[in-house]
Amino acid sequence: MPSRRLPPLRALEAFMRTVRLGSARAAAEEIGLSPSALSRRITNLEEFVGKKLFTRARQSMQLTDEGQAFYEAVNPHLEALARAVESQSDNVSLLRLRLGVLPMFGSQRLFPRLGELRKRHPLLHIDIDTAPHLEDRVGDTLDAAIILSRGPASGLHAVRLDHNLVHAICSRDVAETIGGEIAPESLSRQTFLIHNELPESFAAWKTANNLDEMDPAAIDHYDSGQLMLEAAAQGLGIAIMHDDHLRRAADPRLTNLPGAEVQSPYSYWFVCKPTALEMRPVRLFHDWLVRAGL
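Our subject in this report is the structure included herewith. Everything numeric here is computed off the predicted structure, so don't read it as measured data.

### Details of the sheet that holds strand E9 (residues 218-222)
Taken together, five strands build an open sheet; the order of strands is E9-E8-E10-E7-E11 and the sheet is mixed. At either end of the open sheet lies a strand with only one pairing partner, and these are E9 and strand E11 (254-256). Taking each pair of neighbouring strands and ignoring which way they run, the sheet shows an average axis angle of 35 degrees. Two elements, strand E7 (residues 166-171) and strand E10 (residues 238-242), share four bridges in a ladder whose sense is antiparallel. Pairing of Ile 169 across the sheet is with Ala 239, part of E10. Where helix H10 (residues 199-208) meets the sheet, its contacts fall on E7, strand E8 (191-195), E9 and E10, and the angle it forms with E8 comes to roughly 130 degrees.

Below you can see the structure in the form of structure tokens.
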């Protein structure tokens, strides 16, 4: 059986790096080429496949629809090839990822699915860091992080993982005391629990429910979503948190107060330096996380 003609592998590498980094200049620097040399390699690949993969305008290269389709078709096979080589090699060491994760996301969303990742990539091991200021440490002590933010800083590669509603979560006994309708009089006698990472959620919830003038009896601040939920379940206050936190907790002691639908100012994001996507551990985790839809 005649062997198939392989595409120019160096040209394929130039194409994949340009797509992943989002910049021809950054890809050229990573490979150690001049921008013109990188462009020539991609031109060779375009001639091989007979398709225009990028549009070129001045110093920029934009992926075409055919280029996007080509990337989506080829990338899984390149990953499969890398896994096959790893499985047959005695010289491949462990792949190590330094990942920053907020404890609530880790316990509710990440760890219940990490077994899938280990089965898919047995050599990938993750050092978990739950210390504060995750975003500031990306590119330094962290390779990547999952943060809760209004929007990551510019200069980071970022993938938004969800959209949320703000809920007022409390014990069923507290909810019964407040009654079927939320009113300033009853809420002003309550303690509210606010997460340090979500300071604007309370203001958004009050505004949406016409409670801007309501002053609660007290506001207690937490840096742990898990402890906030437990405090709410114990009747210690009303936790202003995301609807997803309540749903995933599945705690029969908890409920949410009625009221307007409030879009949260915050979302979970995966962030890393753009160049970090060229690190195999980061890329494997990134691609799995996006596909898994955590």
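### Section: unusual backbone geometry
A positive phi angle is found at His 133, which is not glycine, with a value near 60 degrees. Phi is positive for Ala 250, which is not a glycine, with a value near 50 degrees. In this fold, Ala 250 is placed in the loop between helix H12 (243-249) and E11.

### Let's talk about the pattern of salt bridges
Going through the model one piece at a time under the given rule, you end up with 14 salt bridges. One salt bridge in this structure joins Glu 116 and Arg 113, with 2.5 Å as the shortest N-O distance. Overall, the relative accessible area of 26% leaves Arg 113 in the partly exposed class. Across the pair Arg 247 and Asp 244 runs a salt bridge whose closest N-O atoms are separated by 2.6 Å. With Arg 247 and Asp 244 both in helix H12, this residue pair falls three residues apart, about one helical turn. Taken together, the shared-partner salt bridges in this structure form one network comprising Arg 109, Asp 162, Asp 244, Arg 247 and Arg 248.

### Focus on the environment of Phe 105
You can see Phe 105 is positioned in helix H5 (residues 103-110). A residue is classified by how much of its surface remains accessible, and Phe 105, at 0% relative accessible area, is buried. In this structure the C-alpha to C-alpha distance between Phe 105 and Glu 261, which are 156 residues apart in sequence, comes to 23 Å. The residues touching Phe 105, leaving out its near neighbours within four places in the chain, are Leu 110, Ile 146, Leu 161, Tyr 268 and Leu 294.

### Re the layout of surface pockets
In this approach, a probe sized like a water molecule rolls over the atoms, and the result shows the empty space that is left. When its volume is computed, the largest pocket comes out at roughly 570 Å³. Forming the boundary of the largest pocket are 20 residues, of which Leu 9, Leu 12, Met 16, Leu 78 and Leu 81 lie nearest the centre. Elements that contribute at least two residues to the lining of the largest pocket include exactly helix H1 (9-21), helix H3 (35-49), helix H4 (65-88) and helix H13 (280-292). For the lining of the largest pocket, the element with the highest residue contribution is H4, accounting for seven residues. Broken down by class, the residue content of the lining of the largest pocket amounts to twelve nonpolar, one polar and seven charged. Taken as a whole, the second largest pocket encloses approximately 440 Å³ of empty space. Along the wall of the second largest pocket there are 24 residues; nearest its centre are Leu 102, Pro 132, Leu 134, His 195 and Glu 197. Counting only elements with at least two residues in the lining of the second largest pocket, the list comes to H5, helix H7 (134-137), strand E5 (144-149) and helix H11 (225-233).

### Some remarks on the packing of H5 against H11
Geometry of a packed helix pair, given as the angle between the helix axes and the separation of the axes. Two elements in contact, H5 and H11, have axes whose closest approach is 7 Å; the angle formed by their N-to-C orientations is 80 degrees. Judged by the inter-axis angle, H5 sits roughly perpendicular to H11. Note on element contacts: H11 touches H5 through Gly 225, Gln 226 and Leu 229, opposite Pro 103, Met 104, Ser 107 and Gln 108. Class assignment for the residues of the contact of H5 with H11 results in three nonpolar, four polar and no charged.

### So, the side chain of Asp 143
Inspection of the secondary structure assignment puts Asp 143 in the loop between H7 and E5. According to the relative accessible area criterion, Asp 143 is buried, its value standing at 8%. At 2.8 Å, the side chain of Asp 143 forms a polar contact with the backbone nitrogen of Arg 98. Residues contacting Asp 143, with those up to four places away along its chain left out, are Arg 96, Leu 97, Arg 98, Val 138, Cys 272, Ala 276, Met 279 and Val 282.

About the cut-offs
- Residues numbered from 1 in each chain as written.
- Predicted model: local features only at pLDDT ≥ 70, side-chain atom pairs only at ≥ 80, totals over all residues.
- Heavy atoms only, no water.
- Pairing = 2+ DSSP bridges.
- Helix = DSSP H or I, 4+ residues; strand = E, 2+ residues; numbered from the N terminus.
- Axes fitted to C-alpha atoms, helices over the stretch in contact; angles between N-to-C directions.
- Contact = heavy atoms within 4.5 Å.
- Salt bridge = Lys/Arg side-chain N within 4 Å of Asp/Glu carboxyl O.
- Buried < 20%, exposed > 50% of the residue type's maximum accessible area, 1.4 Å probe, protein only.
- 1 Å grid on protein atoms, 1.4 Å probe; cavity = no way out; pocket = protein on both sides within 12 Å on 5 of 7 lines; lining within 4 Å.
- Points joined across faces, edges and corners; volume = space filled by probe spheres on them.
- Nonpolar A, V, L, I, M, F, W, Y, C, P; charged D, E, K, R; others polar.
- Parallel < 35°, antiparallel > 145°, perpendicular 65-115°, else oblique.
- Polar contact = N/O pair within 3.5 Å; in protein donor to acceptor, adjacent residues only side chain to side chain.

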